[in-house]
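Structural description and commentary
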Amino acid sequence: MMTPALLEAYSGRRPERLPVWFMRQAGRSLPEYRALREGVGMIESCLRPDLAAEITLQPVRRHGVDAAIFFSDIMVPLHLAGVDVTIQPGVGPVVAEPVRSAADVDRLVAHQPGDASAVAEAVRIVVAELGETPLIGFAGAPFTLAAYLVEGRPSRDHLAARTLMHADPESWRRLMRWAADISADFVRTQVRAGARAAQLFDSWAGALSLDDYASHAAPFSARTLAQIRSLGVPVVHFGTGTGELLGAMRDAGADVVGVDYRIPLDEASRRLGGTTVLQGNIDPALLDAPWDVLEAHVRDVVERGRSAPAHVVNLGHGVPPGTDPDVLTRLVALVHSL
């Protein structure tokens, strides 16, 4: 049996067809998703196996992408562990009791990973229908989870998290070890149920300086990545605003580095020594531009991606909710033609 194009690229070889998938391809841009989610809360939808599986499969059927990304949320493992977290429309994740002190950390780390059988069941349903198309499992990176836990909600500067990091480094380390293991356990469930690759999302790592990332975040991402890699699947490490952190993110143990839209792929490859597989990095803002503008941009991204050993085309962040799904379908066909 032939190796799927995505897995071929993740292994560092260039397949005959350039692989493409999109972060947040399963979700708000699809009318079938909105119909399915009507009246169902986010976390509930992630923990109903039939619903989560169907949402995961929708963009594969519609767009013909080269991978499915498991539909869930980085807050789900926290919820399963008993953390009081909700996802509020228009706000995002909200933690009822933010972690701000050593005593708060003591309270948090007493929580053990919860029952993820619903996640495993959803993965099994997806894998049975996908055939040879690979499923990518995912989790939030420790710093991003910790940032939410400390701030209590989304933040622009993550000041409280960065303050705890420096003011009480021992509590910070205990918090990050806990977050690292919770994330690893969540991905482990997905891989054992059939996911063939994994991606670690560090949405807020760009808030850190290189020194702070290397000292206070990367060792814990490495802890998560090591546990995932031991399962024998390729791992992608992605963050936003992380152009200065790419080398440290790769060195934490990633096979593939995801690049956001802020830095050209050839420059990212140069910073990584030309030896690292890249994923990215179409600017999501251009999905609503005239087709000729988007096409020229995609061709440029693909050309710059040739500087890496292999390249998986993706966005430099997630699909915006207002995106016309037909544009994504057309974009997939364009990438495959290149």
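Residues numbered from 1 in each chain as written. Predicted model: local features only at pLDDT ≥ 70, side-chain atom pairs only at ≥ 80, totals over all residues. Heavy atoms only, no water.

1. Things to note about the pattern of salt bridges
Short version of the rule: Salt bridge, as used here, is a side-chain nitrogen of Lys or Arg placed within 4 Å of a carboxyl oxygen of Asp or Glu. Secondary structure follows DSSP: runs of H or I at least 4 residues long count as helices, runs of E at least 2 residues long count as strands, and numbering of each begins at the N terminus. The classification of residues rests on relative accessible area computed with a 1.4 Å probe and restricted to protein chains. Under 20% of the type maximum is buried, over 50% is exposed, and intermediate values are partly exposed.
If you walk through the whole model with that rule in mind, you get 25 salt bridges. With its nearest N and O atoms 2.8 Å apart, the salt bridge here joins Arg-223 to Asp-181. Of this pair, Arg-223 sits in helix 12 (residues 218-229) while Asp-181 sits in helix 10 (residues 169-192), placing them 42 residues apart in sequence. A relative accessible area of 35% means that Arg-223 is categorised as partly exposed. Its salt-bridge partner being Asp-266, residue Arg-304 comes within 2.9 Å of it at the nearest N-O pair. Here Arg-304 is found in helix 15 (residues 291-305), whereas its partner Asp-266 is found in helix 14 (residues 265-271), with 38 residues between them in sequence. What you see here is one network of salt bridges that share partners, running through Glu-244, Glu-267, Arg-270 and Arg-271.

2. What about the sheet that holds strand 6 (residues 235-239)?
Cut-off, in case you're wondering: Only strands that DSSP links by at least two bridges are regarded as paired with each other.
Strand order in this open sheet of seven strands is 1-4-5-6-7-8-9, and the pairing throughout is parallel. The sheet is open, and its two edges are formed by strand 1 (68-69) and strand 9 (311-315), each paired on a single side. Looking at chain direction, strand 6 and strand 7 (residues 256-258) are connected through three bridges and run parallel. Within strand 7, the position partnered with His-237 by the bridge is Val-257.

3. With respect to the environment of Ser-337
The line we're drawing: Two N or O atoms form a polar contact when they lie within 3.5 Å of each other; inside protein one atom must be a possible hydrogen donor and the other a possible acceptor, and for residues adjacent in sequence the pair counts only when both atoms belong to side chains.
Mapped onto the elements of the fold, Ser-337 is located in helix 16 (residues 325-337). Residues Ser-337 and Thr-224, spaced 113 residues apart in sequence, show a C-alpha to C-alpha distance of 36 Å. Of note is the side chain of Ser-337, whose polar atom sits 2.6 Å from the backbone oxygen of Leu-334.

4. Brief notes about the nonpolar core
For clarity, the threshold we go by: We call a set of buried Ala, Val, Leu, Ile, Met, Phe, Trp, Tyr and Cys residues a nonpolar core when their side-chain atoms join them within 4.5 Å.
Formed by 121 residues in total, the largest nonpolar core has its most connected members in Tyr-10, Trp-21 and Trp-172. The dominant element in this core, judged by the number of residues it contributes, is helix 10, at 10 residues.

5. Some remarks on the environment of Gly-64
Using the following cut-off: Note on contacts: a residue pair qualifies if any of its non-hydrogen atoms lie within 4.5 Å across the two residues.
Structurally, the position occupied by Gly-64 is in the loop between helix 4 (49-63) and strand 1. Expressed as a C-alpha distance, the spacing of Gly-64 and Ala-289, which sit 225 residues apart in the sequence, is 22 Å. Beyond its immediate stretch of four places on either side in the chain, Gly-64 contacts Pro-59, Val-332 and His-336.

6. Examining the pairing of strand 6
Each regular strand carries side chains that alternate between the two faces of the sheet. The buried fraction of strand 6 is high, at five of five residues. Every second residue of strand 6 is oriented toward a common face, with Val-235, His-237 and Gly-239 on one face and Val-236 and Phe-238 on the other, all of them buried. When strand 5 (residues 197-202) meets strand 6, the two strands line up parallel, connected through five bridges. Directly across from Asp-202, in strand 6, lies its bridge partner Gly-239.

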